[in-house]
Amino acid sequence: MGESKRTEKTRVLVVGATGYIGKRIVRACLAEGHETYVLQRPEIGLDVEKVQLLLSFKKLGARIVEGSFSDHQSLVSAVKLVDVVVSAMSGVHFRSHNILVQLKLVEAIKEAGNVKRFLPSEFGMDPPRMGHALPPGRETFDQKMEVRQAIEAAGIPYTYIVGACFAAYFAGNLSQMVTLLPPKEKVNIYGDGNVKVVFADEDDIAKYTAKTLNDPRTLNKTVNIRPPDNVLTQIELVQIWEKLTGKELEKTNIAAEDFLANIEQMEIPHQAGIGHFYHIFYEGCLTDHEVGEDEEASSLYPDVKYKRMDDYLRMFL
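Residues numbered from 1 in each chain as written. Predicted model: local features only at pLDDT ≥ 70, side-chain atom pairs only at ≥ 80, totals over all residues. Heavy atoms only, no water.

1. Digging into the overall build of the protein chain
Thought 1: Helix and strand counts for the protein chain stand at 12 helices and 12 strands.
Thought 2: Expected size for 317 residues packed as a compact globule is a radius of gyration near 20 Å; at 20 Å, the protein chain falls within 12% of this value.
Thought 3: Projected onto its principal axes, the C-alpha coordinates of the protein chain cover approximately 55 × 40 × 40 Å.
Thought 4: Counting only residues that meet the buried cut, the protein chain has 53% of its 317 residues in that class.
Thought 5: Accessible surface, the protein chain: about 14500 Å² in total, of which carbon and sulfur atoms supply 51%.
Thought 6: Here the protein chain contributes 37 positive and 44 negative side-chain charges, whose respective centroids are spaced 7 Å apart. (Helix = DSSP H or I, 4+ residues; strand = E, 2+ residues; numbered from the N terminus. Rg over C-alpha atoms; globule rule 2.2 N^0.38 Å. Buried < 20%, exposed > 50% of the residue type's maximum accessible area, 1.4 Å probe, protein only. Areas by Shrake-Rupley, 256 points an atom, 1.4 Å probe, with all protein chains shown as cover. Lys, Arg positive; Asp, Glu negative; His and termini not counted. Charge placed at Lys NZ, Arg CZ, Asp CG, Glu CD.)

Pasting the structure below:
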């Protein structure tokens, strides 16, 4: 279905193209054969890493288009060049929290009138299910909802991609906070460690994004990234690592009330992180609801051979 349509190249603009997920989406769009544009913003200044990343995209065949969030007309001109806009603006408190800047993009898309689909920056927990979330972390979900409401009020066609923990932040460290590497001796287990969580390699998230953005099946839908082999409890993740290393880790179970104790005394980004971890590992917010096959990325795109977590963890050996 929709294969004939795909012989025509889809023109895609990636906003936030030099960011953590954005750079992967650019590469995935190019690999998928989309005519790929990246927004270069004047704010880049002397950020040499970002400039070099943009130049590397150009080498791969991407087109650079200039535009600024402080210049509405420049955004309108940029979106007029394409069929689809994908935003990967950062939405985490310990980096830059830029979710609401996307409202300016919504305004530009609305005025341009030619965009067939907008994929706002999502890629995490499903915001409409997070109305109960703890502050200050809930700000992320409230702001994502504000962006969604603006998209829908403007009648802009959309796809929302949600539902998985980024492997680099949650799998390599066996879901430990304040580190990205696997623990050597001891591991903290959230509750009994038996709540199901979804893990996904960020490159796979980008591949699914590149495939869904012009798929008629996903128009005005939420697509969940929930690859069945990567739906694991924290204990199962730890056991995969123990099997790979042949070494058992000393486990400490942390009760929910202890995990949330003293949260008010922490820095805001850490408070946000604690809240998000709580919803994922204690409440099971990624897996506490059914997702149909027609809304799940790995069943929509079985050709993506997604990375399993044993393979992922092998990198750390």
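Next comes the rest of the description.
2. Digging into unusual backbone geometry
Thought 1: Cis geometry marks the peptide bond from Pro135 to Pro136, where omega comes out at -5 degrees.
Thought 2: Position of Pro136 among the secondary structure elements: in the loop between strand S5 (117-119) and helix H5 (138-153).
Thought 3: Here Val178, not a glycine, exhibits a phi torsion of approximately 55 degrees, which is positive.
Thought 4: Relative to the helices and strands, Val178 is located in the loop between helix H6 (167-170) and strand S8 (186-190).

3. Things to note about helix H10 (residues 268-283)
Thought 1: Its 16 residues give H10 an end-to-end C-alpha distance of 21 Å, which sits within 8% of 22 Å, the value for a rise of 1.5 Å per residue.
Thought 2: Inspection of H10 places Gln271, Ala272, Ile274, Gly275, His276, Phe277, Tyr278, His279, Ile280, Phe281 and Tyr282 among the buried residues, and these make up the whole buried set.
Thought 3: Phi turns positive, to about 75 degrees, at Gly284, one or two residues after H10. (Expected span 1.5 Å × (residues − 1).)

4. Quick word on the sheet that holds strand S1 (residues 11-15)
Thought 1: Overall, parallel pairing links the 5 strands, which are arranged S3-S2-S1-S4-S5 in an open sheet. With one partner strand each, in any of the chains shown, strand S3 (63-66) and S5 form the two edges of the open sheet. Mean inter-strand twist for the sheet, computed between neighbouring axes without regard to direction, equals 25 degrees.
Thought 2: Sheet topology places strand S4 (residues 84-87) next to S5; 3 bridges connect them, and they run parallel. Opposite Val84, over in S5, you have Arg117 as the bridge partner. (Pairing = 2+ DSSP bridges. Axes fitted to C-alpha atoms, helices over the stretch in contact; angles between N-to-C directions.)

5. Considering the nonpolar core
Thought 1: One finds Ile25, Phe199, Phe259 and Ile280 to be the most contacted residues of the largest nonpolar core, which totals 75 residues.
Thought 2: Ranked by residue count, the leading element in this core is H10, at 6 residues.
Thought 3: Look past the residues within four positions of Ile25 in its chain and what remains in contact with it is Val14, Val86, Ala88, Phe123, Ala206 and Thr209.
Thought 4: Residues Val85, Met89, Val147 and Ile156 belong to the second largest nonpolar core, which totals 26 residues. (Core = buried A, V, L, I, M, F, W, Y, C linked by side-chain atoms within 4.5 Å. Contact = heavy atoms within 4.5 Å.)

6. Remarks on the packing of helix H1 (residues 22-31) against helix H2 (residues 48-60)
Thought 1: H2 packs onto H1 with a crossing angle of 5 degrees between their chain directions and a minimal axis gap of 11 Å. Taken together, H1 and H2 sit at an angle that is classed as roughly parallel. Across from Lys23, Val26, Arg27 and Leu30 in H1, the residues of H2 making contact are Leu53, Phe57 and Leu60. (Parallel < 35°, antiparallel > 145°, perpendicular 65-115°, else oblique.)

7. Comments concerning the side chain of Gln234
Thought 1: Along the chain, the position of Gln234 falls in helix H8 (residues 234-245).
Thought 2: Of the residues examined, Gln234 reaches a relative accessible area of 1% and is grouped as buried.
Thought 3: At 2.9 Å, the side chain of Gln234 and the backbone nitrogen of Tyr190 are in polar contact.
Thought 4: If sequence neighbours within four positions are ignored, Gln234 has contacts with Leu174, Ser175, Gln176, Asn188, Ile189, Tyr190, Gly193, Val195 and Phe281. (Polar contact = N/O pair within 3.5 Å; in protein donor to acceptor, adjacent residues only side chain to side chain.)

8. Details of the side chain of Glu242
Thought 1: If you trace the backbone, Glu242 turns up in helix H8.
Thought 2: Looking at Glu242, the relative accessible area reads 12%, which means it is buried.
Thought 3: Side chain to side chain, Glu242 and Lys251 meet in a polar contact 2.7 Å long.
Thought 4: When near neighbours in sequence (up to four residues on either side) are disregarded, Glu242 contacts Lys247, Glu248, Leu249 and Lys251.

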